[in-house]
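What follows is the residue order along each chain.
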Amino acid sequence: NLSHLSKALSHGDGMPYCPKTSPLTGGPIHISFPSGLTISEVQRKNPLVVRGGRYRPPGCERQQLSYGIYVIHQAGNYTFNRAKLMNVGFREAMREEDWDCLFFHDVDLIPEDDRNLYTCDTNPKHAAIAMDKFGYKLPYKMYFGGVSALTPLHYLKMNGFPNNYWGWGGEDDDIGVRVSLAGMYITRPSLKVGRYKMIKHKLDKGNDVNPKRFSMLAKTRQTWKMDGMNTVEYEIISRQYLPLYTNITVNIGTEH
Ligand code: NGS
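Here is a short report on the structure shown in this document.

Analysis parameters
- Residues numbered from 1 in each chain as written.
- Predicted model: local features only at pLDDT ≥ 70, side-chain atom pairs only at ≥ 80, totals over all residues.
- Heavy atoms only, no water.
- Buried < 20%, exposed > 50% of the residue type's maximum accessible area, 1.4 Å probe, protein only.
- Helix = DSSP H or I, 4+ residues; strand = E, 2+ residues; numbered from the N terminus.
- Pairing = 2+ DSSP bridges.
- Axes fitted to C-alpha atoms, helices over the stretch in contact; angles between N-to-C directions.
- Contact = heavy atoms within 4.5 Å.
- 1 Å grid on protein atoms, 1.4 Å probe; cavity = no way out; pocket = protein on both sides within 12 Å on 5 of 7 lines; lining within 4 Å.
- Points joined across faces, edges and corners; volume = space filled by probe spheres on them.
- Nonpolar A, V, L, I, M, F, W, Y, C, P; charged D, E, K, R; others polar.
- Core = buried A, V, L, I, M, F, W, Y, C linked by side-chain atoms within 4.5 Å.
- Phe/Tyr/Trp six-rings, centres within 6.5 Å; stacked < 30°, edge-to-face > 60°.
- Lys NZ or Arg CZ within 6 Å of the ring centre and 35° of its normal.

## Describing the pairing of strand β3 (residues 70–74)
Then, in step 1: Taking burial as the measure, the five residues of β3 include four buried ones, the bulk of the element.
Then, in step 2: Relative to strand β11 (residues 246–251), β3 runs parallel, the two being bridged by five bridges. Looking across to β11, one finds that V71 is bridged to N247.

Written out as structure tokens, the structure is:
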């Protein structure tokens, strides 16, 4: 009796489970950057995405993900600090919902294959392994930049990300080292699936190369437990629930 079966295989709220592997992913996605694209057009194309950038699939479809999108902005004009902004994003997202997986995503990277699942593995996952700017190859074996996926447990086990990398470079390598210092390892999708196109841009103003990155990286083993999620300090300047994403502006201070 089919109706019995679907009852037995359903969540408490009556929603049936989806197949473990979605039959509805299509593979490669053609990505282009139309110059005249506006945010309201993107909004029109995604009518089921609601306030704050939340989406719940009405049925079993494509990657079958229930998600929220957060954009974290650094207030002021001081040197950029990517990893600290990720720590802010983690805390502010977890404050709102008990997420089981977080994607730490550069804003300029667009996935090119829908089999690159935005789900977490049993170990931290590096998702952006084949970027167009690196000829769709991993630039070096320990590379952990661009897009990574961690569960809250992974994140807390490695004490989150470092707060003290101001400027360009090294923070992603530090994060990769933290993964192994915390007794975990990095998983990756295949080169065929983990493909990304980067929106081309110049090195941003306020994001000069961090001259201390190599000496800091040499000390990660001594510093990771003392700096990270357990020490992050910041002040939220604004939180807006926009139609496509939650927009958070934060004062993360300066290097002292
Ligand atoms: C390494 C940097 C990483 C950076 C990667 C790719 O050298 O932070 O290059 O850079 N590590 C250090 O500087 C220690 S990229 O080609 O994307 O500009 O992510």
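Here the narrative resumes.
## Here we look at the sheet that holds strand β10 (residues 235–241)
Then, in step 1: The three strands are arranged β3-β11-β10 in an open sheet whose pairing can be described as mixed. The sheet is open, and its two borders are formed by β3 and β10, each paired with just one other strand. Put simply, the sheet's adjacent strands are angled 20° from each other on average, direction ignored.
Then, in step 2: Strands in contact with helix α3 (residues 82–96) are β3, β10 and β11; relative to β3, the strand with the most contacts, it is inclined by about 140°.

## Side note on the layout of surface pockets
Then, in step 1: As a volume, the second largest pocket reaches approximately 200 Å³.
Then, in step 2: Along its surface, the second largest pocket is lined by K84, N163, N164, W166, D227, T231, V232, E233, I252, T254, E255 and H256.
Then, in step 3: Partitioning the lining of the second largest pocket into residue classes produces three nonpolar, five polar and four charged.

## Focus on the nonpolar core
Then, in step 1: I72, F104, Y155, M158 and F161 are the most contacted members of the largest nonpolar core, which has 27 residues in total.
Then, in step 2: Elements that contribute at least two residues to this core include exactly β3, α3, β4 (102–105), α5 (171–181) and β11.
Then, in step 3: Per-element tally for this core: the top contributor is α3, with six residues.
Then, in step 4: Beyond its immediate chain neighbours, meaning those up to four positions away, F104 contacts M86, F90, G146, V147, S148, L150, Y155 and F161.
Then, in step 5: Of all hydrophobic cores here, the second largest spans eight residues; its members include L109, A128, M131 and Y143.

## Concerning the packing of aromatic side chains
Then, in step 1: Under the counting rule described, the total for this entry stands at 10 aromatic pairs.
Then, in step 2: Between F103 and Y118, the aromatic rings sit 4.2 Å apart at their centres with planes inclined by 10°, giving stacked as the arrangement. With F103 in strand β4 and Y118 in the loop between β5 (109–111) and β6 (125–126), this residue pair connects regions lying 15 residues apart in the sequence.
Then, in step 3: Following the ring pairs from residue to residue traces out a cluster consisting of F90, F104, Y155 and F161.
Then, in step 4: Positioned over the ring face of Y136 is R195, at 3.7 Å from the centre of the ring.

## Remarks on α5
Then, in step 1: Most of α5 sits inside the fold, with eight of its 11 residues counted as buried.
Then, in step 2: Those residues of α5 lying buried are E171, D172, D173, D174, I175, G176, R178 and V179.
Then, in step 3: A positive phi of about 80° marks G183, the residue just after α5.

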